[in-house]
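Summary of the model geometry
What follows is each chain in one-letter form.
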Amino acid sequence: MQVATQAALVAGGGSGIGAAVARHLAGLGARVAVLDVNGDGAEAVARECGGAAFACDIASAESAEQAIAAARAAHGAARILVNCAGILAPGRILGKDGPLPLDSFRRVVEVNLVGAFNLLRLAAADMAQLDVLADGERGVIVNTSSIAAYEGQIGQIAYAASKAGMAGMTLPAARDLARHGIRVLSVAPGLVATPMLTGLPQEMQDALAASIPFPQRLADPTEVARLVQHMIENVMLNGEVIRLDGALRMAPK
Ligand SMILES: NC(=O)c1ccc[n+]([C@@H]2O[C@H](COP(=O)([O-])OP(=O)(O)OC[C@H]3O[C@@H](n4cnc5c(N)ncnc54)[C@H](O)[C@@H]3O)[C@@H](O)[C@H]2O)c1
């Protein structure tokens, strides 16, 4: 599907990878709705890319339903959903203060995995009502997993489990929605220069970059956005998780 003129939802578009995706899709001519729990971040990015901002907690059924309805009213039903919202809450299974609090594990899974599924199901319901395009296509959904889905590090139990869940639902979601002409894909980034990592001390960022075989630098969020563009445009890509990591395979810590 061509990006130009389509209505697109970008969750987590108020910062980092989501902001880069929102700007990139808007630059290609999409009408972008930026959904983020951080309403100010969403507003700022939406203003930059001539889109619309909607405050939304993706983990809440009600909040997501309201945001998608408001985006539909502004731009029409979206044919593109890019799920970039996510949180990282480190913690060992057995930490200094005892076992990892269950609510801490649950919150990460609730936002990263349940939240992504929440938007996927609601956006798919809208897409399924649209006319078909070339090849019988109605829509495309891209989730942001992580290489932590495969090589989760010590202290990343909740994050890795949530991202593995996202990777694991990619194929069954694509199979499930195939009869509606909706494709589902995931991108699994390695280390990307977003506020998630650029807040770390420079030496730590340099050490992280040195662990990447080639190129030895953090990825730029626009490199993820370019992959998302290709995923939207190439109708044969479906049900797959694509790593974008400079051949990085993370060590235990
Ligand atoms: N930065 C990396 O190196 C990296 C690597 C692999 C995967 N990822 C994944 O990419 C995605 C984007 O990460 P980023 O680095 O741009 O982080 P970021 O912190 O810059 O952006 C994440 C955005 O998600 C929003 N968000 C958080 N919880 C939300 C909720 N409940 N509802 C709606 N919005 C919510 C935040 O407000 C923020 O704007 C995340 O899913 C992250 O796990 C990042």
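Computed from a predicted model, the values in this text were never measured in an experiment.

The subject of this paragraph is the pairing of strand β7 (residues 139-144). Of all the six residues making up β7, six are buried; the element is thus mostly covered by neighbouring parts of the structure. Of the two faces of β7, the one carrying Gly139, Ile141 and Asn143 and the one carrying Val140, Val142 and Thr144 are both buried. Summarising the sheet, strand β4 (residues 80-83) and β7 pair through four bridges and their orientation is parallel. Following the sheet pairing, Leu81 is matched in β7 by Ile141. Across six bridges, β7 lies against strand β8 (residues 182-189) in parallel orientation. If you follow Asn143 over to β8, its bridge partner there is Ser186. Traced from β7 through helix α5 (residues 157-177) to β8, the parallel crossover comes out right-handed.

Its twelve residues place the ends of helix α1 (residues 16-27) 17 Å apart at the C-alpha level, agreeing with the 16 Å of an ideal helix rising 1.5 Å per residue. The buried fraction of α1 amounts to eleven of the twelve residues, a majority that puts the element mostly inside the structure. The set of residues buried in α1 consists of Gly16, Ile17, Gly18, Ala19, Ala20, Val21, Ala22, Arg23, His24, Leu25 and Ala26.

A few words on the packing of helix α4 (residues 102-127) against α5. Running from amino to carboxyl end, α4 crosses α5 at an angle of 20 degrees, the nearest separation of the two axes being 9 Å. Relative to α5, the element α4 is oriented roughly parallel. Helix-helix and strand crossings are classified by hand; for α4 and α5 the assignment is right-handed. Contacts between α4 and α5 involve Ser104, Phe105, Val108, Val109, Asn112, Leu113, Ala116, Phe117, Leu120 and Ala124 from the first element and Ala158, Tyr159, Ala161, Ser162, Lys163, Gly165, Met166, Met169, Ala173 and Leu177 from the second. Of the residues assigned to the contact of α4 with α5, the class counts are 15 nonpolar, four polar and one charged.

What counts, and at which threshold
Residues numbered from 1 in each chain as written. Predicted model: local features only at pLDDT ≥ 70, side-chain atom pairs only at ≥ 80, totals over all residues. Buried ≥ 20, exposed ≤ 12 C-beta atoms within 10 Å, placed from the backbone. Helix = DSSP H or I, 4+ residues; strand = E, 2+ residues; numbered from the N terminus. Pairing = 2+ DSSP bridges. Right-handed = clockwise from strand over helix to strand, strands pointing away. Expected span 1.5 Å × (residues − 1). Axes fitted to C-alpha atoms, helices over the stretch in contact; angles between N-to-C directions. Parallel < 35°, antiparallel > 145°, perpendicular 65-115°, else oblique. Left-handed = near helix turned anticlockwise from the far one by under 90°. Contact = placed C-beta atoms within 7 Å. Nonpolar A, V, L, I, M, F, W, Y, C, P; charged D, E, K, R; others polar.

Interpretation note: all reported values are geometric properties and have no functional meaning in isolation.
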